[in-house]
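This is what each chain is made of:
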Amino acid sequence: MNMKIAVYPGSFDPLTNGHLDILKRALNLFDKVILLLAVNPKKKSVFTIEERLSMMKETVKDLKGVEVDFTDGLTVAYAKEHGACSLIRGLRAVSDFEYEFQLSAANSFIDPDIDMVFLMAKKETTFISSSMINQMFQSGVDIKPLVPEAVLRAYQSKKK
Ligand code: ADP
């Protein structure tokens, strides 16, 4: 039987517990999930690509069936090259939907063989976004319950 591979692309600037929840649930649906750092040139980043990749690798090191990778190209092209059939995305609110709907139409124009699979955020993580985490951290809010340990450490060492 063919191995079912999915790619979960994002900016992960930084990886949050919201992302992690989507990743773990995607693992229930696919044999392998590639957590893919895909550079979004429209977004100004807080962490460098190297910092983000290192936090992602550290966080998923004990998760079976997960790989971490990077692309500065199209995620659909990456998926095809790596034998993946689907792209995973998370949905938090109606505002996510509009962007994701457009992205999904664009992706299926580029490659109709790659499907997008959307997982709804859990109510506990629905307010978590990387930019919200950044704002909270800058304002002195304790972000420990919202991010993986490696991310918390990276913030703490940035502050020093
Ligand atoms: P991008 O710049 O590609 O949107 P992000 O890192 O912001 O990258 O998000 C990657 C994906 O994860 C997106 O589909 C986004 O909607 C989803 N996502 C982000 N935060 C959450 C969350 N708290 N719960 C569920 N999905 C989320």
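Residue positions are given per chain, counting from 1 as you read along its sequence in written order. Given that the model is predicted, a residue must reach a pLDDT of at least 70 before its local features are reported, and side-chain atom pairs must reach 80 or more before they are shown or counted; all residues, however, enter totals for whole chains, interfaces and linings. Side-chain metrics rest on all non-hydrogen atoms present in the structure, leaving aside hydrogens and water.

## Looking at the environment of F109
Counted only if it meets this: Numbering goes from the N terminus for both helices and strands, where a helix is a DSSP run of H or I of at least four residues and a strand is a run of E of at least two. Only protein chains enter the calculation, and the probe is 1.4 Å; a residue is then buried if its accessible area is under 20% of its type maximum, exposed if over 50%, and partly exposed in between.
Its place among the elements puts F109 in helix α4 (residues 94-110). You can call F109 exposed: its relative accessible area is 74%. For F109 and L74, which are 35 residues apart along the polypeptide, the C-alpha to C-alpha distance reads 13 Å.

## As for the sheet that holds strand β4 (residues 86-91)
Applicable threshold: DSSP bridges decide pairing: two strands pair if at least two such bridges lie between them. Note on method: axes are straight lines fitted to C-alpha atoms, helices fitted across the in-contact stretch only, with angles between N-to-C directions ranging 0 to 180 degrees. For this analysis, residues touch if any pair of their heavy atoms sits within 4.5 Å.
Pairing is parallel in the open sheet, where five strands are placed in the order β3-β2-β1-β4-β5. One side of each edge strand has no neighbouring strand; the edge strands of this open sheet are β3 (66-71) and β5 (115-120). Here the average twist between neighbouring strands, direction ignored, is 30°. Bridge analysis of strand β1 (residues 5-10) against strand β2 (residues 32-38) gives six bridges, and the strand direction is parallel. Looking across to β2, one finds that I5 is bridged to K32. Together, β2 and β3 form the strand contacts of helix α2 (residues 49-60), whose direction differs from that of β3 by roughly 170°. This element, α4, spans β4 and β5 of the sheet and lies at about 170° to β4.

## Thoughts on the layout of surface pockets
For clarity, the cut-off: Think of a 1 Å grid over just the protein atoms. A cavity is a set of points where a 1.4 Å probe fits yet cannot get out, a pocket is an open set with protein on both sides within 12 Å along at least five of seven lines, and lining residues have an atom within 4 Å of a point. Grid points are joined across faces, edges and corners, and a volume is the space filled by probe spheres set on the points. Under the convention adopted here, Pro, Cys and the residues Ala, Val, Leu, Ile, Met, Phe, Trp and Tyr are nonpolar, Asp, Glu, Lys and Arg are charged, and Gly plus all remaining residues are polar.
Size it by volume and the largest pocket reaches roughly 1,300 Å³. Forming the boundary of the largest pocket are 47 residues, of which S11, N40, K43, R89 and Y99 lie nearest the centre. Only β1, α1 (17-27), α3 (75-81), β4, α4 and α5 (130-138) provide two or more residues apiece to the lining of the largest pocket. The class makeup of the residues in the lining of the largest pocket is 19 nonpolar, 19 polar and nine charged.

## Observations regarding the packing of aromatic side chains
The following threshold applies: Only centres within 6.5 Å qualify two rings of Phe, Tyr or Trp (six-membered ring in Trp) as a pair; their planes then separate them into stacked at under 30 degrees, edge-to-face at over 60, and tilted for everything else.
Inspection of the entire model under this criterion finds four aromatic pairs. Ring centres of F137 and Y155 lie 4.5 Å apart, and the angle between their planes is 35°; this geometry places the pair in the tilted category. Placement of the pair is F137 in helix α5 and Y155 in helix α6 (residues 149-159), with a sequence separation of 18 residues. A relative accessible area of 17% places F137 in the buried class. On the basis of relative accessibility, which here comes to 2%, the residue Y155 falls in the buried class. Three or more aromatic residues link up through ring pairs in this structure, and these residues are F47, F137 and Y155.

## Section: the nonpolar core
The cut-off we apply is this: In this description, a nonpolar core means a group of buried Ala, Val, Leu, Ile, Met, Phe, Trp, Tyr and Cys residues linked to one another through side-chain atoms lying within 4.5 Å.
With 33 residues, the main nonpolar core has Y8, L23, L35, M56, I88 and I143 as its most contacted residues. Of all the secondary-structure elements, those providing two or more residues to this core are β1, α1, β2, α2, β3, α5 and α6. Counting 11 residues, the second-largest nonpolar core is a separate cluster that includes V7, A79, A84 and I114.

## As for the site of the ligand
Which entries qualify depends on this criterion: We define proximity as follows: a residue is near a molecule or strand when any one of its heavy atoms falls within 4 Å of that partner. Polar contact criterion, stated in full: a pair of N or O atoms within 3.5 Å, where within protein one must be able to donate a hydrogen and the other to accept it, and residues adjacent in sequence count only if both atoms are side-chain atoms. Areas reported here follow the Shrake-Rupley algorithm with a probe of radius 1.4 Å; residue values treat only the protein chains shown as occluding.
Around the ligand, the surrounding shell holds 18 residues, and the nearest of these are Y8, S11, K43, G90 and I128. One nitrogen or oxygen atom from the side chain of Y8 is found 2.8 Å from an oxygen atom belonging to the ligand. Here F12 contributes a backbone N or O atom positioned 3.0 Å from an oxygen atom of the ligand. About the coverage of the ligand: the protein hides 93% of its 560 Å² of free accessible area. When residues of the shell around the ligand are traced back to their parent elements, those giving at least two are β1, α1, β4 and α4. Grouping the amino acids of the shell around the ligand by side-chain chemistry returns six nonpolar, seven polar and five charged.

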